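Spelled out, the chains give:
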Amino acid sequence: MRIWHAIVIGALAELSGVALTATATWLIVRAAEQPPMSALTVAIVAVRALAMARGGLRYAERLSGHSAVLRYAVELRGRVYDSLLHRKDIPSGDALTQLVSDVDERQNFLLRTVLPAAVAVLVSMVAIAVATSWPLTVGLVLTCVALPLASAALARRRRTACASLRAQLADQAVHLVHGREELIAFDLFDAELAQAERTAKALARKEHPADLTPLAMLVQFAAALLMLSQGEPAWLVLGAIAAFEVTLPLSKTPLGAQKQASPAKGDPLLSILPSDTDNSGPDDCELLNGRTAIVGPTGAGKTTMLNAIARELEPSKGALADAHVFHTTVRANVLLAKPDATQEELDRAKAIVDLDLDWDRVVGERGEEISGGQRQRLILARTVLADPDVLLLDEPTEGLDPQHADTVLQRMLDNCKGTAVVVTHRMEQLRLFDHVHHRGPIDDQNVSRIG
Amino acid sequence: MVDRRHLAALIPVPFLVLAQADLLARVLSGAGGLALLVVVVLLRVGVLWLNRFLGRRAAATTKVRLRRRFLEAPGSRAGEVATLATKGVDAVEPYVAGYLPAMVLAVLVPVAVVIRLGFADLTAAVTIAITLPLVPVFASLVGAHTRDRTLSQWDALAALGGHFLDVVKGIGTLRAFGRAEAQSVMVRQLAAQHASATMRTLRVAFLSAFVLELVATLSVALVAVPVGLRLLDGGVSLYTALLVLLLAPEAYLPLRTAGSQFHAAAEGKAVLDQVPAPRPSGGVTPPDLFVSEIVLENVTVRSLRDFNLTIAPGERVALVGPSGAGKSTILGLLLGFVRPDSGRVLVGGVDLASVDQREWLRRVAWMPQRPTLVPSDLSSGERQQVALNRALAREDAGLFLLDEPTARLDPGTEAQVLRGSREFIRGRTAVLVAHRPALLDEVDRVVRV
């Protein structure tokens, strides 16, 4: 494990700092006794060497620490991705975003919490062994173990108190931004903003780091004063103060730090995702031949029905409309459906859906650099190229103007040799289908969620 | 924006640092003063506690102010604002409570130390006074040299780092096309690339910290060894030598703290840079819409180029055109949410930009394309109906704006929307974004965008 390198190098860096202080003090106190010059030579060389070593070792520690954590991240990302790969259910977008930020958080935790703590413990152990002075031993146990644990516990309590307020503030923020124009237009914005500000104030009273550094400093000087009163030599007292200095940062726990990091089996990171559920299939499988339109009033559960059909199919057999657009080129996004497609096939798919984008255009995160209609047609082009056994489309031409929409859908259906199931609102399109399936209003059907 | 009142409480710190070193040197050289040292140590811890307390309070005040600004800022994405208002604002804490005090101490303490040493031992004072400025000078030299190199790499890093989020969020799509397995290797490859690219950047970026540490520790050696040698000749007293030894690192320590706080505070500074300007308020009273002409004069913004449109009072206009042509942008201009890059929007001859927006919006009934101020457990059609009813409830509105009401509606709901708006727009100025032919029968004029 490379993280051990970083810990050892870090401890050596800090120890050379401590030793520099102790040696320099010894040098001065000894010089005051006016011994021959030769008695000081070793100490002088040591002071200079330690001064050089500290900077270099710190630099090496920083690099090896980051390198170890980044290597760990490669493995962690791969593992998290693989476990997602083998789940039956795909978790929601929010759960996935949370998962990714937890992976980042885990890296930070290793680098900013675990590494400095391990270095401080190692330095303390050496200092305790060298000095064999009980005030130092007791003090270091306090600043290395007791106070950090207390501050972590305090932070945990504050975090719990803050979590719900934060969630509330996030909700209020989303509401204020999404509804901003409407809120302003209907003169509700200031009242909503004042409400969010009340949450922000309540939050600000609670969220600050659990900082016991002043207490740790008190321990540091109490130990030094006790050592002084016991008549310990000056180099030992000042060395002890320097050793305490290494442990002081541990008594402060930032509120953002991760709760726990036990890299045990059965990765706890994944426990935030909902567990796999086995959904029972739809009873509408007689739909699956020819070209079928699903129509019905708003809220009748058309999308729910389509999703249920999609779940029943082998993933590669049905192409569902709710698709992700990757932050890459139009070509790469469409090629996903058929990596060995020829340029001809690509151009044909593009022509069928009237996609007016260059193949090499980069679409931005979630396709935010192209228009909604273009994004929609890009997904349709991908679907055409995939040429699935069962074509599933949920209002595929929403966002296109009506005549254009009808033409595109007609061309897509003509191109489809297998089965097609399409949710639509446009009565004008119904002539394109073999069957029309009417979904009744909500109370006629057992619909679990409105799409 | 940033609360700085807590910085005044830092003034006693340099005096306490000097007093503590002085007394410790006395005690160690056998001159007594242990009781006084205990008092000074207690004072120092007390002042530290007070500083942390005030810093925390200043951070809290700053955070409340920032959150308010972010929440009222226009034209931003909801996810971004939610992140900024919760986690993002947190990053300001190290800036306010850590970096700012460290910067103040980085000036106060070294100056105090050099002055005190000037009285005790001139050689040491001069050595420190010369090497001290080297720390910021070297750090900024190294920083300037590395900035260009790191900047060019950050973009690449961000792209590589973003890939993981992108594939994780798109895993449903990847699986649907049977491409998920292939990405498993890609995830590891790109993460490995990300790791080595990051390390290349860090090797350079950490150099400035390296210089800082090196100058600080070397200077202690530079001060300690000559003082020890002069002690040997009896040139200085043990008390003075110890004082020099104790004070020398104190001169560099605040600079090192400021250096490390600088990196911790960088994120907070970035957040502060993103603080939007406060919302403008006030303006002239809007003209009476029942008699005022509305003119869009050579307006260029988003997809509109030199767009001109004149709407007479009481006229009903439908906007048609392909998606992305700028129909919704025109409604945004009329609402005042979109400001023209060039050109003007005039109401009764008055520039809409100078009109009090709140007063203006009280006279407008608006139904948005995707209403959000409705309970989320409704279907999209039901949401449209709720939004329409709310717009129609504004009975004294002189202008009615309706955006693609029928885009997602079944025919039943559509008929209801038509009926409702038909009655409402009688006698009012109306601008409708239309996708369906049915709506076009209700208007006086159709404008192709």
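Use the structure listed above.
Source: prediction; values computed, not measured.

Colleague: Report on the overall build of chain A, specifying residues and quantitative values.
Modeller: Tallying secondary structure elements over chain A gives 13 helices and seven strands in all. Within chain A, contacts between residues at least 6 apart in sequence are counted, and of these 77% link residues at least 24 apart. Of the roughly 20,200 Å² of accessible surface on chain A, 56% is carried by carbon and sulfur atoms.

Colleague: Now, about the packing of helix H5 (residues 122-131) of chain B against helix H10 (residues 238-273) of chain B: what can you tell me, with residues and values included?
Modeller: Residue and element names in this part refer to chain B. Remark: H5 packs on H10, axes separated minimally by 11 Å, with the N-to-C direction vectors making an angle of 15°. Taken together, the axis directions place H5 and H10 in an arrangement best described as roughly parallel. In this structure, H5 crosses over H10, and the sense of that crossing is right-handed. Taken together, the residues of H10 that come into contact with H5 (itself represented by Ala 124, Ile 128 and Thr 131) are Val 244, Ala 248, Ala 251 and Tyr 252. Taken together, the residues of the contact of H5 with H10 sort by class into six nonpolar, one polar and no charged.

Colleague: Give me the lowdown on the sheet that holds strand E4 (residues 342-347) of chain B, citing residues and values where you can.
Modeller: Residues and elements named next belong to chain B. Judged by pairing direction, the sheet is antiparallel, and its four strands sit side by side in the order E2-E1-E4-E5 without closing on themselves. Sheet topology places strand E2 (304-311) and strand E5 (350-351) at the edges, where each strand pairs with a single neighbour. Relative to E2, strand E1 (residues 294-301) is paired through five bridges, and the arrangement is antiparallel. Looking at the pairing, Val 299 lines up with Phe 307 of E2. Packing against the sheet, helix H11 (residues 327-335) makes contact with E1, E2 and E4, and its axis sits at approximately 120° to E1.

Colleague: Quick rundown of unusual backbone geometry? Include the residues and the values.
Modeller: Positioned with a positive phi, Asp 387 of chain A is a non-glycine residue whose angle comes to about 45°. Following the sequence through the fold, Asp 387 of chain A ends up in the loop between helix H12 (372-386) and strand E5 (390-394). One non-glycine residue, Arg 302 of chain B, adopts positive backbone phi at about 45°. Residue placement: Arg 302 of chain B occurs in the loop between E1 and E2.

Colleague: For a nonpolar patch on the surface, give the residues involved together with the corresponding values.
Modeller: A surface patch of nonpolar side chains, about 380 Å² in accessible area, is lined by Leu 215 and Leu 218 of chain A together with Leu 34, Val 38 and Leu 42 of chain B. For the nonpolar patch, the secondary-structure elements that each account for two or more residues are helix H7 (213-229) of chain A together with helix H2 (34-72) of chain B. Its place among the elements puts Val 38 of chain B in helix H2. A residue is classified by how much of its surface remains accessible, and Val 38 of chain B, at 32% relative accessible area, is partly exposed.

Definitions and cut-offs
- Within any chain, residue numbers begin from 1 and follow the written order of that chain's sequence.
- Written order decides the labels, with chains lettered from A and ligands numbered from 1.
- Predicted model: local features are reported for residues with pLDDT of at least 70 only, side-chain atom pairs are reported and counted for 80 or more only, and whole-chain, interface and lining totals are derived from all residues.
- Remark: hydrogens and water are excluded; side-chain values derive from all non-hydrogen atoms of the structure.
- Strands here mean DSSP runs of E at least two residues long; helices mean DSSP runs of H or I at least four residues long; both are numbered from the N terminus.
- The contact criterion used throughout is that any non-hydrogen atoms of two residues lie within 4.5 Å.
- Here the Shrake-Rupley method, with its probe set to 1.4 Å, supplies the accessible areas, and only the displayed protein chains count as covering residues.
- Working convention: axes come from line fits to C-alpha atoms, limited for helices to the stretch in contact. Angles between N-to-C directions cover 0 to 180 degrees.
- Note on terminology: angles under 35 degrees are roughly parallel, angles over 145 are roughly antiparallel, angles of 65 to 115 are roughly perpendicular, and the others are oblique.
- Here a crossing is taken to be left-handed if its near helix is turned anticlockwise relative to the far helix by less than a right angle, and right-handed if that turn runs clockwise.
- Three classes are used: nonpolar for Ala, Val, Leu, Ile, Met, Phe, Trp, Tyr, Cys and Pro, charged for Asp, Glu, Lys and Arg, and polar for all others, with Gly counted as polar.
- What makes two strands pair is DSSP finding at least two bridges between them.
- Patch membership requires more than 30% relative accessible area and the absence of a salt bridge. Residues of like charge join within 9 Å; the nonpolar side chains Val, Leu, Ile, Met, Phe, Trp and Tyr join within 5 Å.
- The term salt bridge refers to a pairing of a side-chain nitrogen on Lys or Arg with a carboxyl oxygen on Asp or Glu at a separation within 4 Å.
- A simple rule labels every residue: compare its accessible area, found with a 1.4 Å probe on the protein chains alone, to the largest value its type can have, and call it buried under 20%, exposed over 50%, or partly exposed in between.

Keep in mind these numbers describe shape, not what the thing actually does.
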